[in-house]
Amino acid sequence: MDKEYKRFSGGRRYNNDEITVYWKPSACIHATYCFKELIEVFDPGRRPWVDMSGATTEKIIDVVNLCPTEALTWKWNDEEKNLQVGEDQLNHIKFKRPELLNTNETYPEGDSLSVKVLADGPIILKGHFTLIHDGNQKEYQQSMISICRCGASNRQPFCDGQHRKIGFHD
Amino acid sequence: MEENKGKKSHAIVEVIESGPLKITGNFTLTDVKKNTEDSPSEVLLCLCGKSGSKPYCDDSHKM
């Protein structure tokens, strides 16, 4: 499940006890706020480049919120807290990468698929299904993938966040 | 119970070339307003972004 999830999110995630930070390299425009403000956590010369033990949760959230794209986003590990996050938290996944929400939801049981259409965003497929694309057939079990709905993704048929750049609206 | 649901089978999701996403089998569909439809028999969802009746395909991709 972990593996599927990482592939779906198009990047990596890092967590401490309180929050998870998502990194999506394809969205990075090298504004450099992250490492100029907090090299202790975000050090491009280190592997892994994100060290969540390098600063307080509060400081990490402040710096992630400076990222001008969805390259860095974050969420509380406590899902209840995510529901209460306000719009001042610019880079909370709720505002920048809603496709990452509710990932702790249980998958539909057995031979079943849940299809969710996100407003102004992709189609989320979750559960057990067969995907046929370009003559290939692949089985997914207890999996989640997002399918591009705006037509602009560079990694079709999957979503790569382009909908935001082109201003796709329902 | 499961026997009764036997008409519905494993969900198949097909990306139709230069066309919509075709979903058949056992699935639920939740739209942008969070309305959930249980077990529709088949849906065609727009993938080109041009449909006038999103999220459904209205053949606008052929234009």
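What you are looking at is a predicted structure, and each value in this text was computed from that prediction instead of being measured.

## Brief notes about the interface of chain A and chain B
Many structure descriptions define interface size as the accessible area lost when the parts assemble. The interface is formed by 27 residues belonging to chain A together with 22 residues belonging to chain B. Of the roughly 2,000 Å² buried where chain A meets chain B, counting both sides, 62% is carbon and sulfur surface. Contact with chain B buries area across many residues of chain A, yet A:Val115, A:Val117 and A:Ile132 alone supply 27% of it, more than any other trio. Inspection of the region where chain A meets chain B yields zero salt bridges. At the junction of chain A and chain B, the tally comes to 13 residue pairs in polar contact (both at pLDDT 80 or more). Contributing elements (two or more residues each) for the side of chain A that touches chain B: β4 (113-117), β5 (123-133) and β6 (136-147) of chain A. Broken down by element, the residue count for the side of chain A that touches chain B peaks at eight residues, all from β5(A).

## Details of the confidence of the model for chain B
Residues and elements named next belong to chain B. Mean pLDDT over chain B works out to 87, with 87% of the residues at or above the 70 mark. Mean pLDDT values over the elements of chain B span from 85, in strand β4 (residues 36-38), up to 97, in strand β2 (residues 21-24). Note on residues 1-6: pLDDT is under 50 here. Beyond four places in sequence and across chains, it has zero contacts. The ipTM for the predicted assembly is 0.87, set against a pTM of 0.59.

About the criteria used
Residue indices follow the written sequence of each chain, beginning from 1 at its first position. A letter from A marks each chain and a number from 1 marks each ligand, given out in the order of writing. Local features in a predicted model are, by the rule used here, given only for residues with pLDDT of at least 70; side-chain atom pairs are given and counted only at 80 or more, and totals for whole chains, interfaces and linings are based on all residues. To get the side-chain values, take all heavy atoms of the structure and skip hydrogens and water. For this analysis, residues touch if any pair of their heavy atoms sits within 4.5 Å. Put simply, buried area is the surface a 1.4 Å probe can reach on two separate parts but cannot reach once they are joined, added for both. The working definition used for a salt bridge is a side-chain nitrogen of Lys or Arg within 4 Å of a carboxyl oxygen of Asp or Glu. Any N or O atom pair separated by 3.5 Å or less is treated as a polar contact, with the protein-specific requirement of one donor-capable and one acceptor-capable atom, and with residues adjacent in sequence counted only for side-chain atom pairs. Strands here mean DSSP runs of E at least two residues long; helices mean DSSP runs of H or I at least four residues long; both are numbered from the N terminus. A residue's pLDDT is the confidence the predictor assigns to it, expressed on a 0 to 100 scale.

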